[in-house]
Amino acid sequence: LCAVNSFAQNDVRRAETAPAKRAEFRKEKQHQMLESLPDLTDRQRDEIKKIRTESRMRVEPQHKELRELRNNLTELKRAESPDQKEIDLVIDRISRLDAKIIKSKTAAEMKTRKVLTPEQLKVLDAKQKENMEMRDKRHEQRREMRNTR
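Cut-offs used in this document
- Residues numbered from 1 in each chain as written.
- Predicted model: local features only at pLDDT ≥ 70, side-chain atom pairs only at ≥ 80, totals over all residues.
- Heavy atoms only, no water.
- Helix = DSSP H or I, 4+ residues; strand = E, 2+ residues; numbered from the N terminus.
- Buried < 20%, exposed > 50% of the residue type's maximum accessible area, 1.4 Å probe, protein only.
- Contact = heavy atoms within 4.5 Å.
- pLDDT = per-residue confidence, 0-100.
- Core = buried A, V, L, I, M, F, W, Y, C linked by side-chain atoms within 4.5 Å.
- Patch = residues over 30% accessible without salt bridge, like charges linked within 9 Å, V, L, I, M, F, W, Y side chains within 5 Å.
- Areas by Shrake-Rupley, 256 points an atom, 1.4 Å probe, with all protein chains shown as cover.
- Salt bridge = Lys/Arg side-chain N within 4 Å of Asp/Glu carboxyl O.
- Lys, Arg positive; Asp, Glu negative; His and termini not counted.
- Charge placed at Lys NZ, Arg CZ, Asp CG, Glu CD.
- Expected span 1.5 Å × (residues − 1).

Here we come to the overall build of the protein chain. Secondary structure summary: the protein chain contains four helices and zero strands in total. Starting at the N terminus and walking to the C terminus, you meet the elements of the protein chain as α-α-α-α. Each of the 149 residues in the protein chain was classed as buried or not, and the buried ones make up 19%. Look at the contacts in the protein chain between residues 6 or more apart in sequence, and 68% of them connect residues 24 or more apart.

Another aspect to go through is unusual backbone geometry. The general pattern is negative phi for most residues beyond glycine and trans for most peptide bonds. One non-glycine residue, Asp39, lies in positive phi territory at about 55 degrees. By secondary structure assignment, the location of Asp39 is in the loop between helix H1 (2-35) and helix H2 (42-78). Assessed through its relative accessible area of 67%, Asp39 is described here as exposed.

Another aspect to go through is the confidence of the model for the protein chain. Segments scoring low in pLDDT should not have their predicted coordinates read at a detailed level. Looking at the protein chain as a whole, its pLDDT mean stands at 89, while 89% of the residues score no less than 70. Within the protein chain, the element-level pLDDT minimum falls on H1, averaging 66, and the maximum on helix H3 (residues 84-115), averaging 98. Every residue in residues 1-13 is under pLDDT 50, and counting partners more than four places away or in other chains gives zero contacts.

With eleven residues, the main nonpolar core is built from Met33, Leu34, Leu37, Leu40, Ile48, Ile51, Ala108, Val115, Leu116, Leu121 and Leu124. Among the elements of the structure, H1, H2, H3 and helix H4 (118-147) are those that each provide at least two residues to this core. Ignoring any residue separated from it by four or fewer positions in sequence, one finds Leu34 in contact with Leu40, Arg45, Ile48 and Arg52.

A cluster of basic side chains, namely Lys29, Arg138, Arg142, Arg146 and Arg149, defines a positive patch on the protein surface. The element best represented in the positive patch is H4, accounting for three residues. Relative to the helices and strands, Lys29 is located in helix H1.

Moving on to H4. Taking 1.5 Å as the rise per residue, H4 with 30 residues should run 44 Å; its terminal C-alpha atoms sit 43 Å apart, in good agreement. What H4 keeps buried is the set Gln120, Leu121 and Leu124.

Laid out in structure tokens, this is it:
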């Protein structure tokens, strides 16, 4: 029983810290990618930082609401007699909010791209492609590991 409680506490701690750690990791990766762009001027750096800050401020409340909706969905699904209509309404709200977040992030990305030169865009696109390929490879490896269990 103590071991179960210990694991439960670890899960709670992990759940509380994981989003913050992931956010910090993403922020650091973005900073590294930004610094790797050729001939980035101070003006460009400042403009990109401003765009990212504005985007983050816009999206943070939406992320919080999204977490609350997902928690609500989980509770609804675990209810003794789940109400499918209510579940569907929450799923629809999640979908709309998710679309808003994606649109907001994409708008910030498009603004950022306008600040960069064609050469910087080539480097950025190549690095993003490389990162996507590495991510896909990690996902594939995890899938293979799960399938061999």
